[in-house]
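An overview of the molecular structure
What follows is the residue order along each chain.
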Amino acid sequence: MRTTALAPEVVILGTSLLLLLGRRVLPPSYRAWFGAAALVAAVVALGLELWLGAAVGTLFDGGWQQDRFALFAKAALLLGLIVLIASSLWSPSELEENPLPAVFVVAFGGMVAASATSLVALWAGLEVAALAAIAVAGLSAREAGTRLLLTSAVGAALLAVGFAFLIATAGDASLAGLRTALRPSSVNLSLTLAVLLTLTGVAIRLGLAPFQWLAVEGGLSVTPLGAGALGGLLVGVAAIVAARLLAGLESVNMAWWPWLAVLSAAAMLLGGLRAATAGSPRAVAAWLLVAQVGWVSAGLAAHDRRGSAGALLVMGALLLAATAAPALARGEEGLQLAALRRNQPLRALGLVVLLLSLAGAPPLAGFVGQFAVAAELVRSNLAWLLAVGLLGSLLSVVAAVRVIRLLYLETSPDQPRTGRGARMPERTWSPVTLVPALMVLLYTLLANPISGLALQGAAALKLP
Amino acid sequence: MSLVAVLHALGAGAPLMAAIPTPSATPAQVNFGANVIGFSFLLSLLVWGPAVMALVTAIVPEPRTGQRRTFLGIAFWTNAAALALVIIGYSQLQAYTSGLQFEEKLPWLPSLGINYHLGVDGIGMALLLLNGLVGLAATLASWDVREGARTYFVMFLLVQAAINGVAVSRDLFMLLLFWAAATVPVAVLTAGWGGPRRSAAAGRLLAYWGLGTAALMAGILILYTAAGSSDFDLDTLSKAAPSGRLQLIIGILFAVAALTRLPLVPFHGWARELLAEAPAGVVVLVAGTASRLGGYVLIRLLAGIEHDASRTLAPFLGALAALTVLYAVVAALNTSDVRRLAAYLALIPGGVTVLGVAGLSPLSLVGTVMLLFAGGLAAALVAGSAATLADRAQARSLGLAAGLAGRTPKLSWLLLVGCLAVLGVPFLATFPSGLMVFLGSVRTQPGAAIAVLVGLLLAAVAIARLMHRVAFGAPNPDAPTPADASLADSWYLGILVGALLWVGLVPSGPKLFGIPVVDPGLVNIVNTTTADLASAYAPTPLPTPASSPSPSASPSPSTSPSPSPSPSPSPSPSPSPSASASPARSP
């Protein structure tokens with residue numbers, strides 16, 4: 001395999017460095033173009049990934065691999081990155097602290113994890129992404145950043161201990177070695193504890209309830225860009241790590257799938273419940289994210305090829321919606337939302353589409369992915385998990401309808417109900433706010449090739 | 001299986017037989033619209049047309065002052081065009097072929113086993129026609145919507161697209177997709193434009209319909225898994241034969257899904273609230289078509305696929321049907337709110353529909369499909385006219401909205417027609433369909449049929465009370481001055497009454513010198529498909545003395561204990577169902 005396959009990673013890392021240096025070197029008048037340049041770079045990286053990533057192979061003596069899973073995961077991450085950057089363009093004040101280099105590093109960490117062949121590379125990719133995401137969040141909210149760093153450190157420690165035990169047990173750090181060394185007969189109490197520690201570490205980054213601090217509490221206390229990085233990109237990276245890791249632990253699935261199923265159920269139910277009672281659209285979006293992450297992990301808990309394919313399909317939909325939802329929702333709540341509908345109708349419409357997709361409402365991208373997972377849950381005799389998931393989805397839809405009601409059915413304070421010639425507040429049409437929603441719709445329309453790619457990706461994980 | 005042959009087998013008398021419409025003796029000749037349009041994408045147009053127009057409504061610039069009805073106009077012309085297309089499709093439908101027509105099949109998500117598969121048979125066409133008529137009526141009923149008209153009509157058109165989608169989907173994923181897709185728009189319509197308790201109504205709707213959607217999804221997935229199928233196509237899954245216990249679980253899940261939508265006691269909470277609180281247009285749409293989808297799923301998925309489960313569940317369904325009718329009547333007698341009273345009355349056609357499914361005989365199933373259409377019109381008429389009357393009278397209490405016949409004659413009489421349609425009086429479409437249901441189910445579910453009949457008699461008392469107070473009682477001098485139906489109100493209620501009368505008077509379609517003209521006849525359209533579907537439940541003929549006493553000739557234990565002399569049902573679509581009807585009619 002040629003090293004040109006690394007071109008997307010080079011573009012991402014190079015852009016990050018250039019953006020970092022550019023701020024120091026270029027005069028301030030050029031900074032206004034940083035966002036657009038970053039967007040172009042992300043689009044180029046995605047194009048390169050789709051072009052060059054189709055070739056399967058390994059580099060660095062097998063330390064880095066490109067397979068269909070890596071292709072799907074990186075493409076999804078880069079799509080999420082594009083949406084996140086695009087959503088930051090309509091609030092330029094967020095870019096004053098120059099968070100974009102760190103955003104690119106989050107994506108880079110995810111790309112490393114997607115191509116990882118060993119536990120060390122998985123850990124490194126996830127930790128780089130987590131640190132960068134916390135940096136994005138902490139740039140404008142230092143105190144929240146410190147808390148997030150501490151929370152993330154707990155996850156990192158759990159993961160490190162778990163990985164160390166697994167390496168010691170298998171005598172090999174590679175995922176292939178892990179798969180070969182561990183047998184169903186290897187399951188004992190110590191291995192189970194190690195696996196549970198590892199999973200808990202991943203769950204903290206994934207935002208799985210009851211470990212949703214990073215994705216929800218953290219996301220709500222930082223800027224929309226920071227929330228998108230934490231709740232969108234980082235969750236995507238954690239899902240990629242979980243998929244790769246659990247494929248390596250397939251032979252000892254009895255040690256982890258019940259725990260993962262319970263965590264999934266908790267996430268789906270708690271996410272739906274909290275979303276249905278949340279006060280602001282941003283909080284609703286954060287909790288809907290938790291519920292949808294539950295569906296991702298439910299797909300993985302089915303521990304087979306089709307379940308993982310469903311999980312990947314949900315992950316793609318989640319990345320698109322969760323990265324942009326905080327930027328669209330911002331801080332408005334209550335009657336301000338009615339004003340949002342009047343003053344920024346496209347933004348309001350975009351927000352509705354994203355929330356409905358996160359809630360799994362048909363016929364949007366989230367629903368298609370969740371249906372694929374649901375089919376696999378029935379096939380895997382996890383009907384109880386499906387029942388909990390459906391209840392969570394019902395609550396999620398209720399939450400989305402509550403926001404729709406506030407947006408479209410309440411009268412804003414500045415909206416004259418009657419009277420001719422009354423002055424209306426100025427209306428802003430910003431088509432760029434509709435980009436994430438259009439991406440979600442495109443994901444739905446292209447569900448056929450995407451689901452095929454997800455299935456190939458799951459097959460690359462060598463699951464039964 | 002001929003309807004009349006079945007009736008003979010049941011021993012019904014000649015007067016009743018004469019009242020039952022029979023399919024035409026000869027295949028329909030050239031009808032209006034035949035071969036005018038040979039769309040291979042007719043069904044896609046019916047499903048996606050309203051959805052695209054919803055998008056157009058969402059993005060067109062705000063109309064200038066004085067052009068307040070722009071959004072209404074878009075919805076009206078969309079519905080008018082859809083109705084015209086449905087009528088052409090209805091006329092062109094090969095009434096004597098039981099297979100799918102206007103079929104479209106494309107791979108959509110092959111990796112998940114999901115196809116874009118649309119197709120329509122007699123049952124689906126009846127539902128499409130119902131949605132076309134009710135949709136147009138509901139648009140006119142929304143004439144007075146001024147506040148937030150854009151959002152209202154966007155949601156309105158999305159609901160219609162979803163209903164058409166359910167009617168024509170042949171892939172169970174797509175059916176589920178459209179089934180669920182109606183929920184959010186109906187909830188938004190109720191929450192936005194409803195009465196004082198609109199939030200509670202929308203919340204209940206979300207809860208009940210969400211439960212139904214979850215049950216449907218679980219049922220479909222279990223069926224898919226049990227079948228070991230690689231796709232969700234209805235034709236493939238209908239050939240699956242899950243084990244008895246699994247079939248019962250699937251059947252219960254389908255029944256729960258259907259009963260939450262139809263609705264039946266104890267899943268009726270949303271209907272009571274929504275029909276009493278939502279604006280007239282939404283009431284007409286929900287009572288008329290959205291709720292009929294429950295009956296459709298009951299026929300298509302429960303009775304159509306899970307035969308053993310249907311037989312097991314039939315007594316429970318019959319009991320629930322009877323309970324629903326009796327509950328509706330008792331509740332109607334105990335309320336003093338004219339809209340709630342009408343909401344309770346609107347539950348009755350759903351109860352009778354389920355009785356037909358519980359009957360599990362060819363006759364009752366044909367009656368059920370007919371009643372999907374007629375019952376939808378009747379429920380829409382009674383609930384819609386009560387909503388409009390309460391609006392015009394500016395009062396909902398029977399104490400205030402009293403003695404209106406003199407001041408609002410049109411609305412009062414239209415409400416009366418709606419009530420009579422719920423009762424199923426002759427000359428209205430509910431009569432022949434209700435009669436088929438009763439005669440078809442009285443042998444298999446006698447207790448439930450009699451209980452429903454008693455319920456209908458009591459409903460007559462409730463209706464007499466309603467009409468006595470509202471229309472012909474002494475006017476309340478303290479009540480606000482009422483206004484009669486506007487032109488739009490008259491038109492929307494007139495469309496519903498006209499359709500009820502048309503099908504009631506000529507269910508087999510009008511004929512000129514024995515040749516069908518204008519309308520091939522609803523009973524002809526639904527009969528062949530339903531006969532195929534019902535063939536699994538037809539009584540098995542007794543072995544003739546000449547036949548060999550082989551074990552295969554003995555009647556199946558699951559069929560009716562009384563053997564029928566009628567010929568065995570043939571699933572073959574080729575012979576006209578009426579071919580065997582003609583000799584049976586001549587004594």
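1. Re the overall build of chain B
- Each helix and strand counted, chain B has 24 helices and 4 strands in total.
- Counting over 587 residues, chain B shows a buried share of 63%.
- Residue pairs in contact within chain B that sit at least 24 positions apart in sequence constitute 81% of those at least 6 positions apart.

2. Some remarks on the overall build of chain A
- Counting its regular elements, chain A contains 19 helices and 2 strands.
- Its C-alpha atoms give chain A a radius of gyration of 21 Å, within 12% of the compact-globule value 23 Å for 464 residues.
- For chain A, the proportion of its 464 residues judged to be buried stands at 63%.

3. Looking at the interface of chain B and chain A
- Contacts between chain B and chain A engage 26 residues on the former and 25 residues on the latter.
- When contributions to the side of chain B that touches chain A are tallied by element, the ones reaching two or more residues are strand S1 (101-109), helix H7 (172-181), helix H8 (183-193) and helix H9 (198-227) of chain B.
- The greatest single-element share of the side of chain B that touches chain A, amounting to 9 residues, is contributed by H9(B).
- Split by residue class, the side of chain B that touches chain A holds 19 nonpolar, 7 polar and no charged.

4. Some remarks on the environment of Ser221(A)
Residues and elements named next belong to chain A.
- Within the fold, Ser221 resides in the loop between helix H9 (213-220) and helix H10 (224-248).
- Given 16 C-beta atoms within a 10 Å radius, Ser221 is considered partly exposed.
- Here the alpha-carbon distance between Ser221 and Ala141, two residues 80 residues apart in the chain, equals 7.6 Å.
- With residues up to four places along the chain from it excluded, the contact list for Ser221 reads Ala141 and Ala144.

5. Considerations on the confidence of the model for chain B
Residue and element names in this part refer to chain B.
- Residues with a pLDDT of 70 or more make up 84% of chain B, whose mean pLDDT is 82.
- Here residues 1-7 is modelled with pLDDT under 50, and outside its nearest four sequence neighbours on either side it reaches 38 contacts, counting other chains as well.
- Low confidence marks residues 547-587, where pLDDT is under 50. Its contacts with residues over four positions away, or in another chain, come to 67 contacts.
- With a pTM of 0.81, the predicted complex shows an ipTM of 0.76.

6. As for the confidence of the model for chain A
All names here are of chain A.
- Of all residues in chain A, 95% attain a pLDDT of 70 or more, and the chain-wide mean is 86.
- Mean pLDDT across the elements of chain A bottoms out in helix H14 (residues 335-343) (71) and peaks in helix H4 (residues 100-114) (94).
- Counting contacts from residues 416-422, a segment whose pLDDT is below 50, to residues more than four positions away or on other chains yields 3 contacts.

7. Topic: the pairing of S1(B)
Residue and element names in this part refer to chain B.
- Here 6 bridges tie S1 to strand S2 (residues 114-120), and the two strands are oriented antiparallel to one another. Bridge pairing in S2 places Glu104 opposite Leu118.
- The antiparallel hairpin formed by S1 and S2 contains 4 residues in its connecting segment, where Gly113 sits at a positive phi of about 75 degrees.

8. Details of helix H13 (residues 280-290) of chain B
- Most of H13(B) is tucked away, with 11 of its 11 residues classed as buried.
- Of all the positions in H13(B), only Ala280(B), Gly281(B), Val282(B), Val283(B), Val284(B), Leu285(B), Val286(B), Ala287(B), Gly288(B), Thr289(B) and Ala290(B) are classed as buried.

9. Brief notes about the packing of helix H11 (residues 257-277) of chain A against helix H12 (residues 281-301) of chain A
All names here are of chain A.
- Contact geometry of H11 with H12 gives a least axis separation of 7 Å together with a crossing angle of 155 degrees. By the angle between their directions, the pair H11 and H12 is classed as roughly antiparallel. Two packed elements cross with a definite hand, and for H11 against H12 that hand is left-handed. Residues Trp257, Leu260, Ala261, Leu263, Ser264, Ala267, Met268, Leu270, Gly271, Gly272, Arg274 and Ala275 of H11 pack against Val284, Trp287, Leu288, Val290, Ala291, Val293, Gly294, Trp295, Ser297, Ala298, Leu300 and Ala301 of H12.

10. Describing the environment of Leu158(B)
Residue and element names in this part refer to chain B.
- Residue position: Leu158 is located in helix H6 (residues 149-168).
- Spatially, the C-alpha atom of Leu158 lies 9.4 Å from that of Val47, the residues being 111 residues apart in sequence.
- With residues near it in sequence (within four places) discarded, Leu158 still touches Ala51, Ala54 and Pro185.

11. Thoughts on the packing of helix H18 (residues 362-393) of chain B against helix H20 (residues 430-441) of chain B
All names here are of chain B.
- For the pair H18 and H20, the least separation of the axes is 7 Å and the interaxial angle reads 145 degrees. As H18 runs across H20, the sense of the crossing is left-handed. Residues Leu363, Ser364, Val366, Gly367, Thr368, Met370, Leu371, Ala374, Gly375 and Ala378 of H18 form the contact with H20, whose own contacting residues are Thr430, Pro432, Ser433, Gly434, Met436, Val437, Leu439, Gly440 and Ser441.
- In terms of residue class, the contact of H18 with H20 is built from 10 nonpolar, 9 polar and no charged.

12. Comments concerning the environment of Ser412(B)
Residue and element names in this part refer to chain B.
- With respect to the helices, strands and loops of the structure, Ser412 is situated in helix H19 (residues 409-423).
- Taking the C-alpha atoms as reference points, Ser412 and Asp484, 72 residues apart in sequence, are found 8.8 Å from one another.
- Those residues in contact with Ser412, other than ones at most four positions away along the chain, are Leu404, Ala405, Val470 and Ala471.

13. What about unusual backbone geometry?
- Cis geometry marks the peptide bond from Ala209(A) to Pro210(A); its omega dihedral reads 5 degrees.
- For the bond running from Pro362(A) to Pro363(A), omega is 5 degrees, close enough to zero to count as cis.
- Along the chain, Pro363(A) turns up in the loop between helix H15 (345-359) and helix H16 (365-379).
- Here His303(A), not a glycine, exhibits a phi torsion of approximately 40 degrees, which is positive.
- Mapped onto the elements, His303(A) comes out in the loop between H12 and helix H13 (305-329).
- Here His303(A) falls in the buried class, since 22 other C-beta atoms lie within 10 Å of it.
- Although it is not a glycine, Gln394(B) sits at a positive phi angle of roughly 55 degrees.
- Along the chain, Gln394(B) falls in the loop between H18 and H19.

14. Describing H10(A)
- Helix length check: H10(A), at 25 residues, gives a terminal C-alpha distance of 35 Å against a target of 36 Å (1.5 Å per residue), a fit within 8%.
- Residue Leu234(A) marks the point of greatest curvature in H10(A), where the axis turns by about 30 degrees.

Calculation notes
- Residues numbered from 1 in each chain as written.
- Chains lettered and ligands numbered in written order.
- Predicted model: local features only at pLDDT ≥ 70, side-chain atom pairs only at ≥ 80, totals over all residues.
- Helix = DSSP H or I, 4+ residues; strand = E, 2+ residues; numbered from the N terminus.
- Buried ≥ 20, exposed ≤ 12 C-beta atoms within 10 Å, placed from the backbone.
- Contact = placed C-beta atoms within 7 Å.
- Rg over C-alpha atoms; globule rule 2.2 N^0.38 Å.
- Nonpolar A, V, L, I, M, F, W, Y, C, P; charged D, E, K, R; others polar.
- pLDDT = per-residue confidence, 0-100.
- Pairing = 2+ DSSP bridges.
- Axes fitted to C-alpha atoms, helices over the stretch in contact; angles between N-to-C directions.
- Parallel < 35°, antiparallel > 145°, perpendicular 65-115°, else oblique.
- Left-handed = near helix turned anticlockwise from the far one by under 90°.
- Expected span 1.5 Å × (residues − 1).
- Bend = angle between axes of the 7 residues up to and from the residue.

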